[in-house]
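# Report on the structure
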Amino acid sequence: MNPSTLEDIAHTLLNDGKGLLAIDESTPTCGTRFADYGIDNSEDNRRDYRAMLLGTPDLGSCVSGAILYDETLRMKTADGTPFATMMTANGIVPGIKVDTGAKDLAGHPGEKITEGLDGLRERLAEYHDMGARFAKWRAVITIGNDIPTRGCYEANAHALARYAGLCQEAGIVPIVEPEVLLEGDHDIDRCYEVTLETLTQLFAELRAQRVHLPGLILKASMVLPGKNAAQQADVREVAAATLRCLYASVPAAVPGVAFLSGGQGNEDATAHLDAMNRLDAGKAPWKLTFSYARALQQPALDAWRGEKANVDAAQAALAHRARCNRAAALGEYDA
Ligand code: 13P
């Protein structure tokens, strides 16, 4: 592992208001997204959709990297160019989701543990050969009556830290993503408390596994009331609570936090990021940017609907959201 290479990759990914595009849905999840529009979940449709997104003119001016699913990294575009080659030519660093999904955590009803450590060293070497320079692993933390439990916090933080260490050994920047889910009727204070504990436990495990903090990116969820909470929070409240939580738990050595959108509305995800960057006004030691899947893709999918004739409109929709989110990462978004 060369620490300065990792730091250089992280810097490229986080620099200049740019953020990440997550298009790493597993095949079944992609099928769920397509089903809403009656699009067949075929290999050709998955390839065409993702090639269309990544081929958006000038996307690289707002998006520094894109997270792919295994199948996509192995694919070629219709003209025979490997995806990673096409991305690099467009100024977009190829990334790869390497976890194999969240499974039920034994003995902990309602809680999940993310799997994928077996054979990961070998898979990372192959992904590096194929051009991937960063990776993602998502842990899921659910808020409910009596959960999360200590066992869930610890098991997920430990797996994230083991994954991060293996990535760095392979010369790949790990994105560590502990997502506190939006589902539930909890209030914003409960989300704050759970997110704080999640991040505190995560950084304890990352240190224990000797992970080089300047060579990783934290993918965090924002501090929000549950989707079904009686009282929702305004933009400033979410931004302030999220910043407070990060200041209390994220070491200054971490170069950046790239948020997930987690089911927030597209404009909400942008407004929250913008408010954080305005409130903080560049004081934080880390960059605050985006790593959205749904909040970037949804308008593009809505425009595309599986039709060739809609490609320009779909690319324009993605380009618009990418520009809005880059503005938000600079604290310059004007709704
Ligand atoms: P959303 O932005 O849709 O939450 O997805 C981000 C992601 O990559 C989840 O792992």
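Rules used throughout
Residues numbered from 1 in each chain as written. Predicted model: local features only at pLDDT ≥ 70, side-chain atom pairs only at ≥ 80, totals over all residues. Heavy atoms only, no water. Helix = DSSP H or I, 4+ residues; strand = E, 2+ residues; numbered from the N terminus. Contact = heavy atoms within 4.5 Å. Near = heavy atom within 4 Å. Polar contact = N/O pair within 3.5 Å; in protein donor to acceptor, adjacent residues only side chain to side chain. Areas by Shrake-Rupley, 256 points an atom, 1.4 Å probe, with all protein chains shown as cover. Nonpolar A, V, L, I, M, F, W, Y, C, P; charged D, E, K, R; others polar. Core = buried A, V, L, I, M, F, W, Y, C linked by side-chain atoms within 4.5 Å. Buried < 20%, exposed > 50% of the residue type's maximum accessible area, 1.4 Å probe, protein only. Pairing = 2+ DSSP bridges.

All right, on to the environment of Pro94 then. Topologically, Pro94 is positioned in strand β3 (residues 93-97). As a C-alpha pair, Pro94 and Leu73 span 21 residues in sequence and 8.2 Å in three-dimensional space. Excluding anything up to four places from it in sequence, Pro94 contacts Ala66, Ala84, Met87, Thr88, Gly131, Ala132, Arg133 and Phe134.

Moving on to the site of the ligand. Near the ligand the following residues occur: Ala22, Lys136, Arg138, Glu177, Lys219, Leu260, Ser261, Gly262, Ser291, Tyr292, Ala293 and Arg294. In the environment of the ligand, an oxygen atom lies 2.7 Å from a nitrogen or oxygen atom belonging to the side chain of Arg294. Out of a free accessible area of 300 Å², the ligand has 94% covered by protein chains. Contributing elements (two or more residues each) for the shell around the ligand: β6 (134-141) and β10 (287-292). For the shell around the ligand, the per-class residue count stands at 4 nonpolar, 3 polar and 5 charged.

Core analysis: the largest hydrophobic core is formed by 96 residues, its most contacted members being Tyr163, Leu206, Leu218 and Phe259. The greatest single-element share of this core, amounting to 9 residues, is contributed by helix α7 (residues 150-169). With sequence-adjacent residues up to four places away left out, Tyr163 is seen in contact with Val98, Leu117, Leu120, Ala135, Lys136, Trp137, Pro174, Ile175 and Val176. One finds Ile9, Leu14, Val173 and Ala258 within the second-largest nonpolar core, a separate group that totals 15 residues.

This brings us to the environment of Gln264. On the secondary structure map, Gln264 appears in the loop between β9 (256-259) and α10 (266-280). Exposure remark for Gln264: the relative accessible area of 9% places this residue in the buried category. Note: C-alpha distance between Gln264 and Glu307 (43 residues apart in sequence) is 27 Å. If we skip the residues at most four places from it in the chain, Gln264 touches Leu182, Met222, Leu224, Ala269 and His272. In this structure the side chain of Gln264 is engaged in a polar contact, spanning 2.6 Å, whose partner is the side chain of His272.

Take the pairing of strand β2 (residues 63-68) next. Where burial is concerned, most of β2 is hidden: 6 out of the 6 residues are buried. Pairing analysis gives 5 bridges linking strand β1 (residues 19-23) to β2, with the strands arranged parallel. Residue pairing in the sheet places Leu20 in a bridge with Gly65 of β2. Sheet topology note: the β2/β3 ladder contains 4 bridges and is parallel. Note that in β3 the partner of Leu68 across the bridge is Ile96.

Here we take up the side chain of Lys219. Along the polypeptide, Lys219 turns up in the loop between β8 (217-218) and α9 (235-249). In terms of polar contacts, Lys219 uses its side chain to reach the side chain of Ser291, at 2.8 Å. If near-sequence neighbours (up to four positions away) are discounted, Lys219 is found in contact with Ala22, Ile67, Lys136, Ile175, Val176, Glu177, Pro178, Ala258, Leu260 and Ser291.

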